[in-house]
Amino acid sequence: SFDAKVGRAGTEQWSSRMVYVLAMTGSAVGLGNIWRFPYIMGEHGGGAFVLVYLLCIGLIGLPVLMSEALVGKFGRRSPAKSVAAIAQASGSNRGWSVVGTTGSIAGFLILSFYVVIAGWAVAYTWFGFSGQFTGKDAEQIGELFGGLLASPSSLMVVSLVMIAGITFVVSRGIRAGLEAAVSKMMPLLFVLLSVLVVYAAVTGEFGQAVQFMFAPDFSKLTWTSVLVALGHSFFTLSLASGIVIMYGAYLPEGTSIARTSVQIALLDTVVALLAGLAIFPIVFANGLEPGAGPGLLFHSLPIAFGSMPMGQIVGGLFFLMVVVAAFTSGISLIESTVVRFCEITGLSRINSAMIVATTLGLMSLLTVYSFAGADWASPEWLGMSYFDAIDQLTEKVMLPLGGLAIAVFTGWFVSREISLKLLNGNALIHALWLFCVQFLAPAAIVVVFLQSVGVLRF
Ligand code: PHE
Ligand code: NA
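Residues numbered from 1 in each chain as written. Chains lettered and ligands numbered in written order. Predicted model: local features only at pLDDT ≥ 70, side-chain atom pairs only at ≥ 80, totals over all residues.

Per an unreviewed UniProt entry, the protein goes by Transporter and derives from Ferrimonas pelagia. Reading the Subcellular location (unreviewed entry) entry of the UniProt record for the protein gives the comment "Membrane". (UniProt positions renumbered as here; feature names shortened; annotations may be inferred.)

Laid out in structure tokens, this is it:
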């Protein structure tokens, strides 16, 4: 496994290209697809937002995904050290390694709310299997959710389940458990989502949902929406958080970075769109508010589970899958922080994992109490809750700027000879990629960022 003391991945590699795609998909597919994408799409008016999001994935997210993978493949070390290594080999400044460090910090901040939302899914798995959705209407499901949020102690328990789980896996090294979990659970999630889409199509307002998601109404689009779509395209592909560099370090020789990156981005996008198609027909059929915010998933689908045949099993199973999807993402998020912490402090992997987990537990209280509506968790000076602040700081600032730095670095400061070789010498793909990371992505990110910065409430 990764030797953090030496800071080198050594000769170990994923057992196959397939395993790399699975592990990266495990990291990419998570709450971002099933929980976050539908609710931000709802908040930002649907179709036009989806279109911008898809453009961001294809023209910015995908090239940056390739950039990160090639840095990892070259360096075969932790994110910061891989960046330093490829910079040095290209005759550029090793100080670029700071991109790896700030990425890990963003990952840690994301993780502090990620474990809490995953905790909701843990609670909902229990609700589902124990039949608590059965026969409930929209209002009663809303009360169930409200009751959960109002109980910080239960939320702390379920969040701790997540924290303990990912810490356990990471402190042991990630290979065996992760590969096995991902290769069995991800296909199942896919099947269940498809079943739900069919169910939603038959029983819900499917036409209205398709209209909402795919008929763009540009009057609803603001620069803030565009920034949110951009930030989310990084979030959903696990970019700018050191993860792809980390996982790319184990790439087998000869693997096509372009091909695997396309596969990962496609799978991630399909899951996100399926989640939308499962959720919005139910939202519209039950008169729920599409812009309801972070509670959307937890308000909508349980209504379907409550009235469908075998809903108790399907509902429990569905939220269990959400937990697994969040778990494999959570592992990748904490891994990058733990490895960096080992490097900086020189502590062992287990001790580092314990310290990071304890800090994480304390940080997650900010999110727990934000949703519980505690006064102290929405301080006057901040003008918003801690959850909103962490969410906005990461998605609107750290991920877009981190992605910008990676694009500029690999586009302008990594030698073209090296990047061409890492892309298996494919000149056409290299040229397309280079155009995106040199010009398109930096220009788009800068414009979107500056246009919306006035709207940022910091
Ligand atoms: N990509 C994950 C998701 O969509 C979240 C994530 C972000 C994971 C950043 C790792 C790094 O849920
Ligand atoms: Na994702």
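Having put the structure on the table, let's press on.
A. Layout of the confidence of the model for the protein. For the protein, per-residue confidence averages 90 on the pLDDT scale, and 94% of positions sit at 70 or higher. Overall, residues 1-9 carries pLDDT values under 50, and its contacts beyond four positions in sequence, including any with other chains, amount to 21 contacts. Two summary scores accompany this predicted model of the complex, namely pTM at 0.92 and ipTM at 0.98. (pLDDT = per-residue confidence, 0-100. Contact = placed C-beta atoms within 7 Å.)

B. Representation of the packing of helix α5 (residues 98-129) against helix α15 (residues 349-372) within the structure. Relative orientation of the contacting elements α5 and α15 amounts to 65°, with a least axis distance of 8 Å. Taken as axis vectors, α5 and α15 run roughly perpendicular relative to one another. For the pair α5 and α15, the sense of crossing is right-handed. On α15, the residues touching Leu-111, Ser-112, Phe-113, Val-115 and Val-116 of α5 are Leu-360, Met-363, Ser-364, Leu-366, Thr-367 and Val-368. Residues belonging to the contact of α5 with α15 are distributed by class as follows: eight nonpolar, three polar and no charged. (Axes fitted to C-alpha atoms, helices over the stretch in contact; angles between N-to-C directions. Helix = DSSP H or I, 4+ residues; strand = E, 2+ residues; numbered from the N terminus. Parallel < 35°, antiparallel > 145°, perpendicular 65-115°, else oblique. Left-handed = near helix turned anticlockwise from the far one by under 90°. Nonpolar A, V, L, I, M, F, W, Y, C, P; charged D, E, K, R; others polar.)

C. Local environment of the packing of α5 against helix α14 (residues 311-345). One can describe the packing of α5 onto α14 by two numbers: an axis separation of 8 Å at closest approach and a directional angle of 160°. With respect to their mutual orientation, α5 and α14 come out roughly antiparallel. Pair α5 / α14 crosses with left-handed handedness. Class assignment for the residues of the contact of α5 with α14 results in 18 nonpolar, eleven polar and one charged.

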